[in-house]
Amino acid sequence: MSDEGIVVARVEDVPDGEAIRIDAAVTGTVDAIAVFNDGGDFFALDDTCSHEKASLADGWIEDGVVECPLHAGKFCLKDGAVLSMPATRDVACHQVIIDGADIRIVPNPDRLQ
Amino acid sequence: MTSSDALPTAGSPTERRDAGRVVIVGGGLAGFSAAERLRVLGHTDEITIVEGEDCLYDRPPLSKELFAEGFDVDALEFATGERLADLGIGTRHGRRATAIDPTAASVTLDSGEVLPADTILLATGGRARTLPVPGADLPVVHVLRTLADAQAIRDAVSAGCRAVVIGGGLIGAELASALRKVGAAVTLVDPSPTPLAHAVGELMANHLHGMHLAHDVDTRLGVAALIEPASDGSATVVLADGDRLPADLIVVGIGIIPNQEIGVAAGLDADDGILVDAHQRTSAPKVFAAGDVARRRGDDGVMHRREEHWEAAQLSGQAAAAGMLGLAPEVRGTPWFWSDRHGVHLEVVGRLSGSGTQIVREGGPHPAVFLIEDGLLVGAGSLDDANTVRAARRLIDQRIPVSADELADPAVSLRAMLRASR
């Protein structure tokens, strides 16, 4: 399984309750990808909030949810489903594989450039 | 249509009741949130929103994004027609409710049509307060409340035009910033040297107001006494001290007046807003109110301020939905709002004025401010640092003791303080 996806970071780069932003050029996707650590579980979503332009990697992460840093629209970390206004549209999610100390992302095929 | 599969968060269903046919007067955030939440809570009967405008839309971008490319109805709508149909939410656009019968629970429209209902929600919002001076009705004078208002301001602006914004509160500051960004020469008039001090505290208010100067917005201390028309369609704002401010565009942002008349005429208790309890119930059993038009009267009779912020409208609409179904409202977090000016994002939770000790966190490009009382945090404000306020909100809600030294120390994140308490 170690050849699946793209290594985007090491596990230690993303402390619990935080996220990092992976540039779209790295993953070949149409948007940057935010990689979240919520209590030791890792998730990846399109980074740009579907409401305006904020980076979800800067959001508040808690209980399986990321809250947008601008207007607190909420998204489910597991599948990107919008949970709260002002956002009204989901964001795409990507597959995360923890490969030893590496974090690999398998980009959502619908979001490839 | 959403079924009843998502009930759990709305508190104990002490005495669930059937709200029957619900007519919601007003399709802003409070009205729409109530409709949506009714479906989440399993309400299956008719829901009809009466809205004088052409769509149901979100207002915060009106004062921030009105000059942005792609600013239009599609970007603001709460839901597409398809989504509304999926939710089973009916709409009557272009019609205004002129009267309600609180006993029969019917709503009369300006067409003469009477909508029968079993439960009514008044979410009529507010209207922009106008300036009580001669000349305030000139065509060059605008207010900002609706999409049409925003479009009219946009159409009136060109680079280099002289704009005078009267009122340095949230709307005035946001608009001054947006006007400056598109190249208008902007003068901002307010009677206070630190507008918003009641909302964000003196220090933050001073910092915020100072940003105008740094962005070439001319700030004037004063009040408008008169607006004089000029022959070329422009006008001059004359301040009480005699200062004269020629303008091609004047925008007045001095607060709102609750649209409570329809409730008052029906005999509902009102006092600067239709009075409601924690369930958004008015003094008439079949009538609820939410959003800017509603004012909370505590069980102890204490009158609260009307909360004119976005989240307050959303949560009060949701609480009204629960109330209509006889369910307890969800516990609300400490009040929170945001604002944007000159490219900087302000967030505030709780109160930053009144009793307590103010703590300032320096060290970044902008200060963060906190108010503590009896060892507990009661308010926080930050610029371009939303997570400090998000953490503060949880520290306040969970009544976690805080130390003044840690709050003042930029090396200690509030998130870490929150985690340490768990």
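Visitor: Any chance you could explain the overall build of chain A here in plain terms?
Guide: For chain A, the count of helices and strands is 1 helix and 10 strands. Moving toward the C terminus, one meets the helices and strands of chain A in the order β-β-α-β-β-β-β-β-β-β-β. A compact globule built from 113 residues should have a C-alpha radius of gyration of about 13 Å, and chain A, at 13 Å, falls within 12% of that. Across its three principal axes, chain A shows a C-alpha extent of roughly 40 × 30 × 20 Å. Among the 113 residues that make up chain A, the fraction classed as buried is 41%. Residue pairs in contact within chain A that sit at least 24 positions apart in sequence constitute 42% of those at least 6 positions apart.

Visitor: Would you mind showing me how to read the overall build of chain B here?
Guide: Counting its secondary structure elements, chain B contains 12 helices and 25 strands. The C-alpha atoms of chain B give a radius of gyration of 23 Å, which matches the 22 Å a tight globule of 422 residues would have. Dimensions of chain B, computed from the C-alpha atoms along their principal axes, are close to 65 × 60 × 40 Å. Here chain B, with 422 residues, has 45% of them falling under the buried criterion. Pairs at least 24 residues apart make up 63% of the contacts formed inside chain B by residues separated by at least 6 positions.

Visitor: Looking at this structure, how should I read the nonpolar core?
Guide: One recurring pattern in soluble globular proteins: nonpolar side chains tend to sit buried together. Residue and element names in this part refer to chain B. Residues Ile24, Val25, Leu121 and Ile250 are the most contacted members of the largest nonpolar core, which totals 92 residues. It is helix H9 (residues 310–324) that contributes the most residues to this core, 8 residues altogether. Two domains share this core, each providing at least three of its residues, namely domain 1 (8–127 + 256–324) and domain 2 (130–252). Look past the residues within four positions of Ile24 in its chain and what remains in contact with it is Gly31, Ala34, Ala35, Ile47, Thr48, Ile49, Val50, Leu121 and Ala123. One finds Leu196, Ala205, Ile359 and Leu383 within the second-largest nonpolar core, a separate group that totals 32 residues.

Visitor: What exactly am I supposed to notice about the domain arrangement of chain B here?
Guide: Where interface size is quoted, it is often the accessible area lost as the parts come together. Residue and element names in this part refer to chain B. When the domains of chain B are assigned, the result is domain 1 (8–127 + 256–324), domain 2 (130–252) and domain 3 (343–420). Each of domain 2 and domain 3 has a C-alpha centre, and these two points are 31 Å apart. Domain 2 puts 10 residues into the contact, and the matching count from domain 3 is 12 residues. Of all elements in the fold, only helix H6 (197–200) and helix H7 (202–214) reach the threshold of two or more residues within the side of domain 2 that touches domain 3. Ranked by the residues each element gives to the side of domain 2 that touches domain 3, the list is headed by H7, at 5 residues. Of the residues assigned to the side of domain 2 that touches domain 3, the class counts are 7 nonpolar, 3 polar and no charged.

Visitor: Quick question: what am I supposed to make of the interface of chain B and chain A here?
Guide: Across the contact, 10 residues belong to chain B and 9 residues belong to chain A. In terms of residue count, helix H10 (residues 386–397) of chain B provides more of the side of chain B that touches chain A than any other element does, 3 residues in total. Per-class residue counts for the side of chain B that touches chain A are 4 nonpolar, 3 polar and 3 charged.

Visitor: Help me understand unusual backbone geometry, please; the structure alone is not making it clear to me.
Guide: With the exception of glycine, most residues fall at negative phi, and the peptide bonds are largely trans. For the bond from A:Met85 to A:Pro86, the omega torsion is 10°, close enough to zero to count as cis. Looking at the secondary structure, you find A:Pro86 in the loop between strand E8 (82–84) and strand E9 (93–99). A positive phi angle, near 50°, is found at B:Asp374, a position not held by glycine.

Visitor: What am I meant to see in the sheet that holds strand E19 (residues 287–289) of chain B here?
Guide: In sheet architecture, strand pairing relies on hydrogen bonds along the backbone and comes in two forms, parallel and antiparallel. All names here are of chain B. Reading across the sheet, the 5 strands line up as E3-E2-E1-E7-E19 and stay open at both edges, with parallel pairing between neighbours. Looking at which strands have only one partner, the edges of the open sheet turn out to be strand E3 (89–93) and E19. Between one strand and the next, the sheet's axes are offset by a mean angle of 20°, whatever the strand orientation. One ladder, built from 5 bridges, connects strand E2 (residues 47–51) with E3; its direction is parallel. Opposite Ile49, over in E3, you have Thr91 as the bridge partner. Where H9 meets the sheet, its contacts fall on strand E1 (22–25), strand E7 (119–122) and E19, and the angle it forms with E19 comes to roughly 160°.

Visitor: Is there a simple way to explain the sheet that holds strand E2 (residues 19–22) of chain A in this structure?
Guide: Residue and element names in this part refer to chain A. The strand order E1-E10-E9-E4-E3-E2 describes an open sheet built from 6 strands, whose pairing is antiparallel. Taken across any chain shown, the strands that pair with only one partner, and hence form the sheet edges, are strand E1 (6–10) and E2. On average, each strand axis in the sheet is tilted by 30° relative to the strand beside it, whichever way the strands run. Relative to strand E10 (residues 102–106), E1 runs antiparallel, the two being bridged by 4 bridges. The partner of Ala9 across the bridge, within E10, is Ile103.

Visitor: I keep staring at H9(B) and nothing clicks. Help me out?
Guide: Since one α-helical turn is 3.6 residues long, residues separated by three or four positions face the same way. All names here are of chain B. In this model, H9 (15 residues) spans 21 Å end to end at C-alpha, consistent with the 21 Å of a helix rising 1.5 Å per residue. Counting buried positions over the 15 residues of H9 gives 13, a clear majority of the element. Just downstream of H9, Gly326 is the residue with a positive phi angle, here 75°.

Visitor: Sorry if this is basic, but what is going on with the environment of B:Val293 here?
Guide: Residue and element names in this part refer to chain B. Counting through the fold element by element, Val293 comes out in the loop between E19 and strand E20 (294–296). Residue class for Val293 comes out buried when judged on the 30 C-beta atoms lying within 10 Å of it. Residues Val293 and Ser234 lie 59 residues apart in sequence; the distance between their C-alpha atoms is 34 Å. Every residue in contact with Val293, bar those within four places of it in the chain, is listed here: Leu122, Ala123, Thr124, Gly125, Gly126, Pro258, Asn259, Gln260, Gly273 and Ile274.

Visitor: Help me understand the environment of B:Asp340 in this model?
Guide: Residue and element names in this part refer to chain B. As for its position among the elements, Asp340 is in strand E21 (residues 336–341). Given 22 C-beta atoms within 10 Å, Asp340 falls into the buried group. Placed 247 residues apart in sequence, Asp340 and His93 show a C-alpha to C-alpha distance of 31 Å. In contact with Asp340, not counting residues within four places along its chain, are Lys64, Glu174, His345 and Leu346.

About the criteria used
Residues numbered from 1 in each chain as written. Chains lettered and ligands numbered in written order. Predicted model: local features only at pLDDT ≥ 70, side-chain atom pairs only at ≥ 80, totals over all residues. Helix = DSSP H or I, 4+ residues; strand = E, 2+ residues; numbered from the N terminus. Rg over C-alpha atoms; globule rule 2.2 N^0.38 Å. Buried ≥ 20, exposed ≤ 12 C-beta atoms within 10 Å, placed from the backbone. Contact = placed C-beta atoms within 7 Å. Core = buried A, V, L, I, M, F, W, Y, C linked by C-beta atoms within 7 Å. Domains from an automatic or database assignment. Nonpolar A, V, L, I, M, F, W, Y, C, P; charged D, E, K, R; others polar. Pairing = 2+ DSSP bridges. Axes fitted to C-alpha atoms, helices over the stretch in contact; angles between N-to-C directions. Expected span 1.5 Å × (residues − 1).

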